[in-house]
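Here's the letter readout for the chains.
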Amino acid sequence: MRTVELVCSPGLEVTVRAVWGRLAAAGLPSLARTVHPTNRPHLTLAAVDEFPPGVERHLADLFDAALPVPVTLDRVVVLDGSAPLVWLVRPTLALTELHAAAWDILAEAEGQRPWHAPDAWVPHLSLALRFRNADLRLARAVAGGQRPTGEFDAARSYDGTDRTVTALTRCEQP
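The written sequence of each chain sets the order in which its residues are numbered from 1. In keeping with the predicted nature of the model, local features appear solely for residues at pLDDT of at least 70, side-chain atom pairs appear and are counted solely at 80 or more, and the whole-chain, interface and lining totals rest on all residues. Excluding hydrogens and water, the side-chain values take into account all heavy atoms of the structure.

Notes on the pattern of salt bridges
Here is step 1: Basic side-chain nitrogens of Lys or Arg form a salt bridge, by our definition, when they fall within 4 Å of a carboxyl oxygen of Asp or Glu. Within the structure shown, the criterion is met by eight salt bridges.
Here is step 2: Across the pair D135 and R132 runs a salt bridge, and its minimum N-O distance is 3.2 Å.
Here is step 3: Owing to a relative accessible area of 18%, D135 belongs among the buried residues under this scheme.
Here is step 4: Taken together, the shared-partner salt bridges connect E13, R17 and R40 into one network. Only protein chains enter the accessibility calculation, which uses a 1.4 Å probe. A residue is then buried if its area is under 20% of the maximum for its type, exposed if over 50%, and partly exposed in between.

Set out below in structure tokens:
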């Protein structure tokens, strides 16, 4: 599987990682416990089985022209289905247009994950992967009520087969 992800500006990343740390310190599930070097706050735009030839270059051209994109985080919620604890991202026009453009580039890719499709996508930053609704009130208190702002300033692709990342912008650091 290959993903297309936007990564947070340094200040926003610090804010999200601080919440990861506070969740872990409170004994709650948290991505702070995921120690793989590719683990960092990100917004997934799409996931497919493999990239068709030339897609990485087209995505890089798109992101180099469009980024940075301002972002405001919203509520902390538990998503239905796989029950991750997430920080919702307010879907601005610039962000939704960028998402749609990435999907256009991936139109011929096989194995598109439907939950990332423009009509189903819920933009969010993950805080914990498996979370119980019963702990949501405590998680919200630990996260705090702030609505942080920042930017998505780079893009990358995660390769689920070999667990590596590839920059999709000139400024991305893996």
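Concerning the pairing of strand β4 (residues 85–89)
Here is step 1: Segments assigned H or I by DSSP are reported as helices when at least four residues long, segments assigned E as strands when at least two residues long, and all are numbered from the N terminus. Counted residue by residue, β4 has five buried out of five residues, so it is predominantly covered.
Here is step 2: Judged by which residues are buried, β4 turns out to be covered on both faces: L85, W87 and V89 on one side and V86 and L88 on the other are all buried.
Here is step 3: Between any two strands, pairing holds if DSSP finds at least two bridges. As paired elements, β4 and strand β5 (residues 124–128) share four bridges and run antiparallel to each other. The partner of L88 across the bridge, within β5, is H124.

Here we look at helix α4 (residues 136–143)
Here is step 1: Where α4 is concerned, the buried positions are L136, A139, V142 and A143. Seen end-on, α4 carries its buried residues on one side only, within an arc spanning 125°. Turned more than 90 degrees from where α4 packs its buried face, R137 and A141 sit exposed.
Here is step 2: Contact criterion: two residues are considered in contact whenever any of their non-hydrogen atoms come within 4.5 Å of each other. Buried positions along α4 lie against α1 (10–25), β3 (69–78) and β4.
Here is step 3: G144 occupies a position one or two residues after α4 and carries a positive phi of about 90°. Starting at the helix axis, one direction is taken to each C-beta atom, and the arc is that of these directions.

Regarding the packing of helix α2 (residues 55–66) against helix α3 (residues 93–105)
Here is step 1: Where α2 contacts α3, the two axes come as close as 10 Å, and the packing angle between them is 165°. Accordingly, the angle class assigned to the pair α2 and α3 is roughly antiparallel. When the axes of α2 and α3 are compared, the crossing they make is right-handed. Contacts between α2 and α3 pair V55, H58, L59, L62, F63 and A66 from the former with L98, A101, A102 and I105 from the latter. Only the stretch in contact is used when fitting a helix axis, every axis being a line fitted to C-alpha atoms; angles between N-to-C directions are given from 0 to 180 degrees. Should an angle lie under 35 degrees it is considered roughly parallel, over 145 roughly antiparallel, and from 65 to 115 roughly perpendicular; all remaining angles are considered oblique. Helix crossings fall into two classes, left-handed where the near helix is turned counterclockwise from the far one by less than a right angle and right-handed where it is turned clockwise.

Regarding α2
Here is step 1: To estimate how far a helix should reach, multiply one less than its number of residues by 1.5 Å. In a regular helix each residue adds 1.5 Å, so 12 residues correspond to 16 Å; α2 covers 16 Å between its end C-alpha atoms and thus fits that length.
Here is step 2: Those residues of α2 that sit buried are V55, L59, A60, L62 and F63. Viewed end-on, α2 has its buried residues packed into an arc of 165°, placing them on one side of the element. Away from the buried face of α2 by more than 90 degrees, exposed residues R57 and A65 are located.

Observations concerning the packing of α1 against α4
Here is step 1: In contact at an axis separation of 9 Å, α1 and α4 are set at 130° when each is read in the N-to-C sense. Of the possible angle classes, the one that applies to α1 and α4 is oblique. Two packed elements cross with a definite hand, and for α1 against α4 that hand is right-handed. Counted together, V19, R22 and L23 of α1 and A139, V142 and A143 of α4 form the full contact between these two elements.
Here is step 2: Taken together, the residues that form the contact of α1 with α4 break down as five nonpolar, no polar and one charged. Asp, Glu, Lys and Arg are counted as charged, while Ala, Val, Leu, Ile, Met, Phe, Trp, Tyr, Cys and Pro are counted as nonpolar; the rest, among them Gly, fall into the polar class.

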